[in-house]
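Coordinate inspection notes
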Amino acid sequence: MLNRGIKVKNIKLAVIIFFSFKISSLSYVSGLCNSLFLLIQLIIAVLLLLNFVLQKKINKLDCCFLLFYLILAVSTLANKLDVTNYIKDFISSAILYMSVKYGMEKDPKSYFKYSSIILLVYTLFNTISAVYLYPNSMFRDNNNPIFFLGGDNTSIRIYLYSIAMYFANKHFNRQKISFPVLPVLNLLVFSFLRDIGSGKVCLFVTVIGLLILITKRKMPKDILLKIAVTNTVMFGLLLSLAKIDLAKSIITNVLHRDMTLTGRTIIWDITVNKVIEKPILGYGMIEGMDFQAMLGGITGINAHNTYLMMLFNGGILLFTVFAIAYFITRRQFNMIKPPNWFYVFPLLLFAVMVRGQVEGWDVPWLFPVMIILFYTKAIIKQEGKIYHNRKAKKHDF
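Small disclaimer: the values here were computed from a predicted structure and weren't measured. (Residues numbered from 1 in each chain as written. Predicted model: local features only at pLDDT ≥ 70, side-chain atom pairs only at ≥ 80, totals over all residues. Heavy atoms only, no water.)

1. Quick word on the sheet that holds strand S1 (residues 139–141)
With antiparallel pairing, the three strands of this open sheet are ordered in space as S1-S2-S3. The open sheet terminates on both sides in strands that have one partner only, identified here as S1 and strand S3 (150–151). Examined bridge by bridge, strand S2 (residues 144–147) and S3 share two bridges and lie antiparallel to one another. Looking across to S3, one finds that isoleucine 146 is bridged to glycine 151. (Pairing = 2+ DSSP bridges. Helix = DSSP H or I, 4+ residues; strand = E, 2+ residues; numbered from the N terminus.)

2. Comments concerning the packing of helix H7 (residues 156–171) against helix H16 (residues 363–374)
Relative to each other, H7 and H16 sit at 15°, their axes nearing to 11 Å. As far as their axial angle goes, H16 and H7 are roughly parallel. Between H7 and H16 the crossing geometry is left-handed. In contact with Arg157, Ile158, Tyr161 and Met165 of H7, H16 contributes Trp365, Pro368, Val369 and Ile372. Along the lines of polarity and charge, the residues of the contact of H7 with H16 split into seven nonpolar, no polar and one charged. (Axes fitted to C-alpha atoms, helices over the stretch in contact; angles between N-to-C directions. Parallel < 35°, antiparallel > 145°, perpendicular 65-115°, else oblique. Left-handed = near helix turned anticlockwise from the far one by under 90°. Contact = heavy atoms within 4.5 Å. Nonpolar A, V, L, I, M, F, W, Y, C, P; charged D, E, K, R; others polar.)

3. A few points about the layout of surface pockets
Quantified by volume, the second largest pocket comes out at close to 340 Å³. Lining the second largest pocket are 15 residues, with Ala228, Asn231, Thr232, Tyr307 and Phe319 positioned closest to its centre. Elements that contribute at least two residues to the lining of the second largest pocket include exactly helix H10 (223–238) and helix H14 (306–333). Among the elements that line the lining of the second largest pocket, the one with the most residues is H14, at eight residues. Residue classes in the lining of the second largest pocket are distributed as eleven nonpolar, four polar and no charged. (1 Å grid on protein atoms, 1.4 Å probe; cavity = no way out; pocket = protein on both sides within 12 Å on 5 of 7 lines; lining within 4 Å. Points joined across faces, edges and corners; volume = space filled by probe spheres on them.)

4. A closer look at the pairing of S2
Both S1 and S2 contribute to a ladder of three bridges, which runs antiparallel. Residue aspartate 141 lies in a different strand from S2, and its bridge partner there is asparagine 144. Between S1 and S2, which pair antiparallel one after the other, the connecting turn spans two residues, and asparagine 142 there sits at a positive phi close to 55°. In this structure, the hairpin formed by S2 and S3 is closed by a connection of two residues.

5. A closer look at the confidence of the model for the chain
Confidence along the chain averages 87 in pLDDT terms, with 88% of residues attaining 70 or more. Predicted confidence for residues 242–248 stays below pLDDT 50, and this span has four contacts to residues more than four positions away or in other chains. Confidence drops under pLDDT 50 across residues 391–397; counting only partners more than four residues distant or on other chains, this segment forms zero contacts. (pLDDT = per-residue confidence, 0-100.)

Encoded structure:
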């Protein structure tokens, strides 16, 4: 009976993880299948939320997450916009956030195991399809290439998650740390095959970070503060890239982009001016083509910067809630000194935040990493129990 209960629990967790990562190509294959997938996601998210409420397991970070999307809803309604985009984003963001929270509370080890398998299968299939169809794609959307996981640019976030979960699954409760060759190679092939600038940057950041994890005995103190400070100054530096010869060489010769980062700096200027006009509550979650209409002939369905999009969509109020959520996470993470392997999650957060400097709206991928870091103490506690149980069994023999 005990084994049967464990199997049911594991199947339940695997199903939740499966539906938490949306296969974006579904919307191009069948509108009905896509709607059913969203409906299942909504049902799972509601059930998980009810479970947390009934068990009184709503924490400060959860409150920030819900407040973030409440402000975004108010801004969208106040600006009399269609709420369809908001609802879709909230459902996909909520299911991912709550599934990770559920996994961290119930069984972090199993969560890392199943998410590692599912994400590796997803991303490998995505890369293989990109290789097979090269130089074409499965579908086109506003002239953007779409593959199994969706747009080639947006897929990078799932590749980053795949690397982190693979690494965590492999090293949970183990002493030796080694390089996660397969998922990193997977990201490398896809980024260079599709010539994705942000993918190459994230690959570089991830590889350097992983090498530090493997070779360095002591991790930096208050690493989340360092990540926040680095990202705070990064945007200002991006605006000055055209004046720096070394940066010009990297951007034009390695990333194969022009000195406006494919028009991004121009879009940033326009977006900043719009934010200044409505700084408190912003413009709400606007349709991509409506955003592009205000750019005066430049192609771009968002600001190509996650933090600017927060300010544009929900103003200072929305950005403040995100900042509070971040520093709540930092405070919780600093309460314990985790083993080196666990620093793959601050690395994941840093990689996604760096990507957010040049890509729009990575919010649904930031909050889930933050909830993992929020539960650091519980995760390390489970690791310690498993480790001591294994030692006890060996001693018995």
